[in-house]
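# Observations on the three-dimensional arrangement
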Amino acid sequence: MYARRASVKNFRNIKEAEVGFCPGVNVLVGENAQGKTNLLEAIFYASVGRSFRAANAGEMISFGEKSAEISIDYRREERERDDNLTIKLFTDKKKIVEKNNLRVERMSDIVGSFRAVLFCPEHLSLIKAGPSERRNYLDIAISRISPKYIYSLQRYNYFLKQRNALIKTAYGNRASFDATVELWSEKMAEEAAVISAMRLEFVRRVSSLVENYFREMTGERERTEVIYKGNAGLEEELYLDARRVKERYLELLMSAHDREIALGATQYGIHKDDADIKINGKSARIYASQGQQRSLALAMKLAEGEICREEFGDYPVFLFDDVLSELDETRRDYMILHSTNKQVIISTCESEFIKRMQAEKRILVKNGTYTEI
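The present account deals with the structure reproduced in this document. In this numbering scheme, every chain counts its residues from 1 along its sequence in written order. With pLDDT at 70 or above as the cut-off, local features in this predicted model cover only qualifying residues; side-chain atom pairs require 80 or more to be listed or tallied, and sums for whole chains, interfaces and linings still use all residues. Side-chain measures were taken over the full set of non-hydrogen atoms in the model, leaving aside hydrogen atoms and water.

## Some points on the pattern of salt bridges
Here, a salt bridge means any Lys or Arg side-chain nitrogen found within 4 Å of an Asp or Glu carboxyl oxygen. On inspection of all chains with the given rule, the structure shows 34 salt bridges. With a closest N to O distance of 3.7 Å, arginine 5 and glutamate 18 form a salt bridge. With a gap of 13 residues between them, arginine 5 in strand 1 (residues 2-11) and glutamate 18 in strand 2 (residues 14-20) connect regions that are remote in the sequence. Only protein chains enter the area calculation, which uses a 1.4 Å probe; residues under 20% of their type maximum are buried, those over 50% are exposed, and those in between are partly exposed. Taking the relative accessible area as the measure of exposure, arginine 5 reaches 18% and is therefore buried. Runs of H or I in DSSP of at least four residues are treated as helices and runs of E of at least two as strands, each being numbered from the N terminus.

Rendered as structure tokens:
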């Protein structure tokens, strides 16, 4: 899969731009704050329906404007025509999504149509950061390959929101809480069982790929492993047993009401899951060197793309946002090596690196304009 064209209007500092890409390596070059990351953000948004740095549409729409538009023409390798995905963002109403000029009711209905994997400086902390960063990694990666996961995750988050709202009213209305808490707990537990199994299966696939990438990248013999850490406290294999997981979560959710009311939020569920990354059996978050952590982070993003290829038959678009300055020469070279046979759109300020990169297209970025050089 590759993006052929991105048309962006009123998106951050991009007033209006149309940028063409080649199927191979595309380099966006320019000084900081010129619009390199903004273009990658727009492309990524078209892939997953969310930004990697904004909480709402208002942050992405250009100052003084009421709407923005992202349009991506993309092509599967075996097809002879382009598909188009267009997203219109508004400050005062829901976004509009269209695929091939047909209205799509929900963004989740087309997630996975155009697939892109992002690697940005924030992801370099994937190993040492808190559990929420790794949950976010899992949610985006699995959603890209499974509509079922998106559906269950949306339902779970809705039930969690309702249950948390119920907890917050319990001080003034304990009778209402006691009468309805089991209903929301059971609904949460049911979706948690689905999500837990899919997370475990994905983590197992990632773990094998990460070990191979890490060894190739570093030449080291350390044994790496990614382990799913479910919040239900079960042995790993049991998370594949939906009935057992549902029963366990329901038991937990019904066992700590006084504590939850005191803390003001639900204390058990897949919203507290983690993925434990280890080197030689020890926590990489604690014991890995900075170089090892960065190798592992890059390996996890490459694994994300490889699983996409296994599922759909072709690689996603790889978006590398200004990570070169954060990687040493060995990891840069490895990233270059793995840029063959796939589309890469990479942003950089470093002119020296451009000379080494076998880029088929170079695009100068300045004040939200994009000029092929």
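## Re the nonpolar core
Grouped together as the largest cluster of nonpolar side chains are 77 residues, with contacts concentrated most on Phe202, Val206, Tyr249, Ile270, Leu296, Phe320 and Ile346. It is helix 5 (residues 174-218) that provides the largest number of residues to this core, a total of 18 residues. The next biggest cluster of nonpolar side chains, apart from the first, holds 45 residues, and it includes Phe11, Leu39, Ala42 and Leu319. Here, nonpolar core refers to any group of buried Ala, Val, Leu, Ile, Met, Phe, Trp, Tyr and Cys residues whose side-chain atoms link them within 4.5 Å.

## Looking at the environment of lysine 15
Along the polypeptide, lysine 15 turns up in strand 2. The spacing of lysine 15 and arginine 75 is 60 residues in sequence and 26 Å in space, taken between C-alpha atoms. Should any heavy atoms of two residues lie within 4.5 Å, those residues are considered in contact. In this view, lysine 15 contacts Val8, Lys9, Asn10 and Glu65; residues no more than four positions away in its chain are not counted.

## Regarding the packing of aromatic side chains
For Phe, Tyr and Trp, rings pair up if their centres lie within 6.5 Å, where Trp contributes its six-membered ring, and each pair is then called stacked (planes under 30 degrees apart), edge-to-face (over 60) or tilted (otherwise). For the structure shown, the criterion picks out 10 aromatic pairs. On the numbers, 6.4 Å between centres and 55° between planes, the contact of tyrosine 315 with phenylalanine 318 is tilted. Phenylalanine 318 sits in the buried class, given a relative accessible area of 3%. In this structure an aromatic cluster arises from ring pairing among Phe119, Tyr315, Phe318 and Phe320. The ring of tyrosine 287 carries lysine 282 above its face, with NZ or CZ at 5.4 Å from the centroid. Charge-over-ring contacts are defined here by two conditions on Lys NZ or Arg CZ: a distance within 6 Å of the ring centre and an angle within 35 degrees of the ring normal.

## Thoughts on the sheet that holds strand 7 (residues 102-104)
Spatial strand order, 2-1-4-5-6-7: six strands in an open sheet with antiparallel pairing. The open sheet is flanked by strand 2 and strand 7, the only strands paired with a single partner. Across this sheet, the average inter-strand angle for adjacent strands is 15°, counted without regard to direction. In the sheet, strand 5 (residues 83-90) pairs with strand 6 (residues 96-99) via four bridges, with the strands oriented antiparallel. Looking at the pairing, leucine 85 lines up with lysine 99 of strand 6. Here the axes come from fitting lines to C-alpha atoms, over the contacting stretch only for helices, and the angles between their N-to-C directions go from 0 to 180 degrees. Across the sheet, helix 1 (residues 36-48) is in contact with strand 1, strand 2, strand 4 (67-75) and strand 5; its angle to strand 1 comes to roughly 110°. In short, DSSP must find at least two bridges between two strands for them to pair.

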